[in-house]
Amino acid sequence: MGCCGQTTSTASAGSGPTTLDTGKRVNYTQGMLLGVDDFVQEQAWGIARRHELARELLGYGTVRGLQVTLDAGAPRVRVSPGMAWTPSGTPVCVNTEQCCNVNDWLAAHQAEFKSSLVGNPAPLSLYVVLAYNACLTDPVPVPGEPCRSESELLANSRIADCFSLTLRLQPPPQIEEDAIRDFADWLAKVPVDAASPPLSEADFLDQLREAAQAWLAPVSPSPADYMFGSPPLGLDSTDGLLRAALRLWVTELRPLWRARYGCGPNPIPPGTQDDAVLLARIDLKVFTHTLEADTGIALSQDARPVLLSLRMLQELITQNPAPEPGNAIVEERSFGQASTPGSSTAYARADHSHGTPVLPDLAGDVTGPITANEVVALRGRAIDATAPTERDVLALTAAGHWAPAPLPQAANTLPAAETFGATGSAGTQASFARADHVHPMPVLPPLPALAGDVTGAIGDNTVTALQSVAVADTAPTAGQVLMCQSTLPSAGPGRPRPPNLVWTPVTLPSLGDIPTAATTAPNGLVFGSASQVGTASDYARADHQHGLPLLGGDVQTDSASELTIVALQRQPLKADSPNKGDVLTFNGEAWVPGEGGAASASPVQVIAAGVLEMTIANGKPSVTATFISHAFKVRVRSVKENTAVLGLQLNDLPKVKDGAVRLDHIVLLTPLFDPKQPPVLAYLQTLESASDGNNLAADIVLLLNQAFVDGTYAVQFQITRIQTPVLT
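The model shown is predicted, which means the values in this text are computed figures rather than measured ones. (Residues numbered from 1 in each chain as written. Predicted model: local features only at pLDDT ≥ 70, side-chain atom pairs only at ≥ 80, totals over all residues. Heavy atoms only, no water.)

A. View of the side chain of N694. Here N694 lies in the loop between β37 (681–689) and β38 (696–703). In contact with N694, other than residues within four places in its own chain, are L650, N651, D652, L653 and K655. (Helix = DSSP H or I, 4+ residues; strand = E, 2+ residues; numbered from the N terminus. Contact = heavy atoms within 4.5 Å.)

If you want it as structure tokens, here you go:
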């Protein structure tokens, strides 16, 4: 067994480092010479005991005040005065309101988070953290060796309790706070049953250890949760099992999760980076180009540890005492009472019972006492009191009430014989006909012969027509089909008669007379040729294609249908291997590539063209350029209300080889219309060019009829250079 304490090092004025053990205090004895170390040791012991009292029995967190708020419309955080206890048990007091400008903090700490930003604007979380800070103050002269420096003549005589209120990128660890919440939440899900427990104490504790097994059998890295899963279904707790659970928390689980200060393994000295209290989390979005926060800032204080006073806990317990069993029962002696939640704080005993009223007599379709009732009607229709006989059924009488009546019986007499032409009859007998009954049928009278498309006797008929079109009586042969043909009527007096239609057996044409699909490709098309019906007897397939003729002249095609320009207005074009910047030049026989730029024979050259786009987002302008073939730089020189000045610099332009020329420039500016933006007017403010034409700088002014707003404003430019020889 050993002493439980913490060994730390401190410094006293003029004496060098002093080793302290917070588990020791000075034993004052007669004649003992006391020095600075003794007083510091005694003070350290007293502070450690006070810290242990707060840390081990009360906890840590915000005690009062320290409300975190955000200013409306500005990225500014405010913290009201208040007090808190840190995980080491150290009290921290903030006596005045504190505030912080988030944009100033982002600018000062950009090196810590800038590389981790993703997106624009990028999400970023900051944490408002309170910690204790000891400040040395009240310097006084102290004796010492001669020839000391000025700083060695004085020593601070007091240590003031101060605080450190900061924004951090990571919250301070609060393992014990999170573990307490998780453990209490797990226990709250276990119902309390005052009856005999379904589990023994050992089995119940095994369920608790199973939930915290990831911490009892340590793994790396540490788990993200504390009590895993939910209590098993059917798990109940009693007062005794609840006490066992709290004992497990104190002896096994809290040592795993407590804030390690003072007495215990691997203690952390008070005042370190982790000895701090989380007040709030701030979620914001940061613009990556300005490193300023967007106006939409969210504040969350859900994870802040809060410490209630004992007086508040007493009042909560007093206002919500443990319920006592009730000793009175409200009897329920009548039906139709309204439900009510009740107001008594006592609970009903498990074996309580409510009195019941006397059973009433029934009325309506069923009458009499409940235990000796009688059905006298069905849905309001009375039932006759006549006693039924075997196989009777309840039937509705003409008077509208139910009465016993016999079912109809099967008839045992022969049915009447059928008569041709007789009328039907519903009959009058109450008995019913059997399913296999047979009516005697009369002898058939003589039937007439069939007439129409089918002729002859019913038992020996012939189809002589189809839908009134006669069928020829010619005997068919194998393979023939019926074809509708017309025949001329026989000659006779009177007006000519129309031909007759007759279904006649005919033979199908041979396969050689049936058209087939073509197997040869169609003729290629010729531009300007006339259309033709054709003479072939076979038919064209659905996916056939006619070949197109090859092009000739300045533009020609090959077998792969690729177009090639071989001449310009019938003058041959020979540009097999052009170089970058070449132009086509006519040499008297053909167009050939030649050197362009300054070496070109033309004194007028388009040296640059493109589009300038100025974008304003959240009031901040930026400019880009596209379609420029030379090296360039662009920037926004100024934006004032409805006027913007854009700077354009072009580099590596074609140089002028002949120095005896004057360079003039034509700048064509064309604003690009956007129906979503107001119209833009563009003009050239200044233009400067190097003497050899290699570099050029221009300022372009964009003008609106109103102030600039967020959006994109574009102008197309073309710069033409004119070389004029200088006469000497």
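After that view, the rundown keeps rolling.
B. Structural view of unusual backbone geometry. Residue P121 follows N120 across a cis peptide bond; omega there is 0 degrees. Along the chain, the position of P121 falls in the loop between α3 (110–113) and β9 (122–141). One non-glycine residue, S468, lies in positive phi territory at about 75 degrees. Mapped onto the secondary structure, S468 falls in the loop between β22 (465–466) and β23 (469–471). Backbone geometry places D652, a non-glycine residue, at a positive phi of 60 degrees. The residue D652 is located in the loop between β35 (643–651) and β36 (661–671) in this model.

C. Molecular detail of helix α1 (residues 36–58). Here α1 is 23 residues long and its end C-alpha atoms lie 32 Å apart, about the 33 Å a rise of 1.5 Å per residue gives. Inspection of α1 places Q41, A44, G46, A48, H51, A54 and R55 among the buried residues, and these make up the whole buried set. (Expected span 1.5 Å × (residues − 1). Buried < 20%, exposed > 50% of the residue type's maximum accessible area, 1.4 Å probe, protein only.)

D. Local environment of the sheet that holds strand β8 (residues 98–101). Read across the open sheet, the three strands follow the order β4-β5-β8; overall the sheet is antiparallel. The open sheet terminates on both sides in strands that have one partner only, identified here as β4 (68–70) and β8. When the angles between neighbouring strand axes are averaged without regard to direction, this sheet yields 20 degrees. Where strand β5 (residues 76–79) and β8 come together, four bridges link them in antiparallel fashion. (Pairing = 2+ DSSP bridges. Axes fitted to C-alpha atoms, helices over the stretch in contact; angles between N-to-C directions.)

E. Structural detail: the nonpolar core. Counting 27 residues, the largest nonpolar core has L106, V128, L279 and L284 as its most contacted members. Ranked by residue count, the leading element in this core is strand β11 (residues 276–287), at six residues. What V128 contacts, discounting residues up to four positions off in sequence, is V68, V77, V79, L165, T166, L167, V277, L278, L279, A280 and I282. Ranked by size, the runner-up nonpolar core spans 25 residues in total, among them L612, M614, A698 and Y713. (Core = buried A, V, L, I, M, F, W, Y, C linked by side-chain atoms within 4.5 Å.)

F. Summary view of the environment of L648. Looking at the secondary structure, you find L648 in strand β35. Remark: the alpha-carbon pair of L648 and I700, spanning 52 residues in sequence, is separated by 7.7 Å.

G. Up close: the packing of helix α5 (residues 201–211) against helix α7 (residues 239–257). Close contact between α5 and α7 brings their axes to 10 Å; oriented N to C, the two are set at 45 degrees. With respect to α7, the axis of α5 lies oblique. As α5 runs across α7, the sense of the crossing is right-handed. Where α5 abuts α7, its residues E201, F204, L205, L208 and R209 lie against L241, A244, A245, R247, L248 and E252. A per-class count over the contact of α5 with α7 returns seven nonpolar, no polar and four charged. (Parallel < 35°, antiparallel > 145°, perpendicular 65-115°, else oblique. Left-handed = near helix turned anticlockwise from the far one by under 90°. Nonpolar A, V, L, I, M, F, W, Y, C, P; charged D, E, K, R; others polar.)

H. Up close: the packing of aromatic side chains. Applying the stated rule across the entire model yields three aromatic pairs. Measuring from ring centre to ring centre gives 6.3 Å for W105 and F113, while their planes differ by 15 degrees; the resulting arrangement is stacked. We classify W105 as buried; its relative accessible area is 9%. The cationic tip of R25 hangs over the ring face of W45; the distance from NZ or CZ to the ring centre is 5.1 Å. (Phe/Tyr/Trp six-rings, centres within 6.5 Å; stacked < 30°, edge-to-face > 60°. Lys NZ or Arg CZ within 6 Å of the ring centre and 35° of its normal.)

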